Amino acid sequence: MSKITDMKNTDTYRHLRGESVYLDDIPEVFGTLHALVFDSPVAHGKIKSVDYSEAEKLPGVVRILTYKDIPGENQIGAIIQDEELFAENEVHFVGEPIALIVAESERIARDAKKLFKIDIEELPAIIDPEEAKEKGSFIAPPRTFKIGISEKGLNNSKYIFQGSAETGGQEHLYLETQGSYAVPNENGHITLYSSTQGPTAVQQITSRVLGIPMNMIEVDVRRLGGAFGGKEDQATPWAVMVALAAHLLNKPVKITLSRHDDLRMTGKRHPYKANYKIGLSEDLKIQFYEVEFIQDAGAAADLSPAITERTLFHGTGSYYIPNAEITVYSCKTNLTPNTAFRGFGGPQGFFAIEAAVQLAADKLNVPAHKIQEINLIKEGDEFPYGQFAENAEAINSWKTADKNFSIEKTYEEILKFNKENTKFKKGMSLTPLCFGISFTNTGLNQARALVHIYTDGSIGISTGAIEMGQGVNTKIKQVAAHVFSVPVNRIKLETTNTTRVANTSPTAASSGADLNGKAVEIASKKLLQRLKETAGEILNANTNDIEIKDEFVFLNGKKTDLSWDKLVNDAYWKRVKLSEKGHYATPEIHFDKTKEKGHPFAYHVYGTAITVAKVDTMRGTYEIEDVKIVHDFGKSMNIFLDKGQVEGALIQGIGWLTIEEIRFNEKGQLLANALSTYKVPDIHSVPKIVDILELETEGAEHAVLKSKAVGEPPFIYGTGSFFAVQNAIKAFNPNYKPDFKAPITHEKVLTGLYQE
Ligand code: LUZ
Ligand code: MOS
């Protein structure tokens, strides 16, 4: 059975022709109404009154809904129940939904919104997470991971440094904004189309708010126009709102957020501040690391407790540190609740340890890559959470990067360039990667798939995976094509639908292809075995001598004239079951929260990136010249898709640490509220060269077809861009006192170049 490893995303052709169907392309049922949210203008306040009597009178306005219209619970919190669908007495952030305007058109709803009169008594708002920490305003109690003994680490340290680091928020900027479409059916059932990574979450919360059982709500998802974590949890409220309206009005109701509304009302990547202490022995081995993170969670929990966890898991980055203590404070502020974003708290952890290493390097006047290399995690090393590194590829990927891309030579060339040039200066930085794969909440690591073989031999597959551009549908087709040995074009991926596959985990944690792919593999193998038995019967042969290959039955290695299509049809008339469900639950993983120890990850993904940046010393502008990466794909099942994920993640990571800057004013209003004020990398600012080399490895048993998860890990490679730019500034200005506050915008570079 051969794998098809160099296949294009099966959606590409349709995407390019504009034929793919997204939420807003679903033909509207006659009589569909349109909804718009009325949201809080202030960051914190007591609602004295909301007067929408004028708005209600506007022709074309059908109904205005508030918390008073909710038949079930006004509660959308998933991990912690601390968030109302519509604010009742108090608002906690600018953009918090207060009412839903349902009208004959979106245009009418917009006009109606202008007629709202709201009287709010403003209360003091907390905009700064450090203020929240001082005031004891937390989402949940702090958590700490610990390994070794601090005193021992300190005693073994010749050098001890103390510093801080900061990373900012990040807007997901999925091309398709949030939206949903609810269509009522007979008996009060609702079909709910949603642009969500988590159809089951949408179904659960809709059930809670409407006060009807989950089986009355069918959530259906064809694909998303991007998500990046922004639709793991925060696709839910919009779906619940239109479901509520459809439920009350018995009419189809649709909502599509405008870009402005989406930017203002949805949460982003969590900004973090970190204070750390790092200790190194004479030979530069990290002996000790103590770090305290201050996470800006925003006004409600959302996924923050889970994101906190991933920061803890990645607190020591790609290094082995014998004595470490990592603490995260999840702080409650009056900003939009922050949410999942590619990396999920991991990148913030990685940034802090790399800042600590860079600080030590600067103080000791050695290149950071010297310290990095000798501290890389190796086979058998213990992580602070009790798991031991297995099949560790950190050193291998570093060495492979050095062999192919010459770390020392690059470094020497940059020194030489900097000696000879003043108008431009260059800097280099290395980024080692070690990212844990599995939902940190062990229970979520499960998936199901439904596989039908139709009587003509074509195949239909349903899973819990959501296609959001990452190509999971292509990978799932490849899994089935691999097991059945049929061409990929004989396989159709159905929409992700809660009535066909129930109780789905969100497509998140880079695990969509692993979990759902494994479930498809299990179901397909059951069907294959049954078909082999049938072929044995037909050919009067032993099942063990039968093979199904390239759409034919082979007997003892010889091709027979029994084709796949005929076999399937014969099996049907022999009343053989041609449908199967597969259930997969990642084996071995466990975690004990009372001890903060266990084996939470199925495996780790490794890699190394070398980043070179060039700064224009007159203007403060810069470019990331090249990024050379050695990445551990395992045994990649689709190198086109996988390299695409590495490229996209890298550039998203670079954007986060360089030019993307989320700013709020002191009233908690988002200033970066449009694409004119929030800059993401464009074709001009991406690295001139991105070179990605596949590390040769055995792959991981718990990865689908040994092909490792690839969605989030390479986001970490963006880290190098920050330090490479800083190193270039240092080469120009000996007085530059680098702080580790990301993003390192052009503005900050310019002031750094001329700092006295
Ligand atoms: N979502 C989640 C995630 O619920 N749990 C996780 O561990 C996770 N990790 C990465 C991205 N999303
Ligand atoms: Mo996520 S950050 O939805 O994998």
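Source: prediction; values computed, not measured.

(A) A look at the overall build of the protein chain. Within the protein chain one finds 19 helices and 29 strands. Relative to the globule expectation of 27 Å for 756 residues, the C-alpha radius of gyration of the protein chain, 27 Å, shows essentially globular dimensions. Counting only C-alpha atoms, the protein chain reaches 80 × 80 × 50 Å along its principal axes. Residues classed as buried in the protein chain amount to 61% of the 756 residues present. Relative to all contacts within the protein chain whose residues are 6 or more apart in sequence, the contacts with residues 24 or more apart total 79%. Of the roughly 29300 Å² of accessible surface on the protein chain, a fraction of 50% belongs to carbon and sulfur atoms. Treating the 84 positive side-chain charges of the protein chain as one cloud and the 98 negative ones as another, the clouds have centres 2 Å apart.

(B) Quick look at the pairing of strand E16 (residues 424-437). Counting buried positions along E16 gives 13 out of 14 residues, so the element sits mostly inside the fold. The pairing of E16 with strand E27 (residues 603-616) spans 14 bridges and is antiparallel. Note that in E27 the partner of Leu430 across the bridge is Ile610.

(C) Spotlight on the site of ligand 1. Around ligand 1, a shell composed of Glu232, Arg310, Phe344, Phe439, Thr440, Leu444, Ala508, Ala509 and Glu712 is seen. Taking Thr440, its main chain carries an N or O atom lying 2.9 Å from an oxygen atom of ligand 1. Compared with its free state, where it exposes 290 Å², ligand 1 has 96% of that area covered by protein. Split into classes, the residues belonging to the shell around ligand 1 amount to 5 nonpolar, 1 polar and 3 charged.

(D) The arrangement of the packing of helix H17 (residues 639-658) against helix H18 (residues 719-732) in detail. Here H17 crosses H18 at 45°, and the two axes come no closer than 7 Å. Considering their axes alone, H17 and H18 lie oblique with respect to each other. Of the two possible hands of crossing, H17 and H18 adopt the one that is right-handed. Residues Ile654, Leu657 and Thr658 of H17 form the contact with H18, whose participating residues are Thr719, Ser721 and Phe722.

(E) Representation of the environment of Gln162 in the model. Inspection of the secondary structure puts Gln162 in strand E8 (residues 159-167). Looking at Gln162, the relative accessible area reads 62%, which means it is exposed. Linking Gln162 and Thr543, residues 381 residues apart in sequence, is a C-alpha distance of 67 Å. Other than its neighbours up to four places away in sequence, Gln162 contacts Tyr276, Lys277 and Leu359.

(F) Representation of the pattern of salt bridges in the model. Counting across every chain of the model gives 49 salt bridges. Between Lys158 and Glu282 there is a salt bridge, and its shortest N-O distance comes to 3.3 Å. One end of the pair, Lys158, is in the loop between helix H5 (150-155) and E8; the other, Glu282, is in the loop between strand E13 (272-280) and strand E14 (286-298), and 124 residues separate them in sequence. Looking at Glu282, the relative accessible area reads 55%, which means it is exposed. Sharing partners across several salt bridges, the network here consists of Asp39, Glu106, Arg110, Lys113, Asp261 and Arg264.

So, how was this worked out
Residues numbered from 1 in each chain as written. Chains lettered and ligands numbered in written order. Predicted model: local features only at pLDDT ≥ 70, side-chain atom pairs only at ≥ 80, totals over all residues. Heavy atoms only, no water. Helix = DSSP H or I, 4+ residues; strand = E, 2+ residues; numbered from the N terminus. Rg over C-alpha atoms; globule rule 2.2 N^0.38 Å. Buried < 20%, exposed > 50% of the residue type's maximum accessible area, 1.4 Å probe, protein only. Contact = heavy atoms within 4.5 Å. Areas by Shrake-Rupley, 256 points an atom, 1.4 Å probe, with all protein chains shown as cover. Lys, Arg positive; Asp, Glu negative; His and termini not counted. Charge placed at Lys NZ, Arg CZ, Asp CG, Glu CD. Pairing = 2+ DSSP bridges. Near = heavy atom within 4 Å. Polar contact = N/O pair within 3.5 Å; in protein donor to acceptor, adjacent residues only side chain to side chain. Nonpolar A, V, L, I, M, F, W, Y, C, P; charged D, E, K, R; others polar. Axes fitted to C-alpha atoms, helices over the stretch in contact; angles between N-to-C directions. Parallel < 35°, antiparallel > 145°, perpendicular 65-115°, else oblique. Left-handed = near helix turned anticlockwise from the far one by under 90°. Salt bridge = Lys/Arg side-chain N within 4 Å of Asp/Glu carboxyl O.

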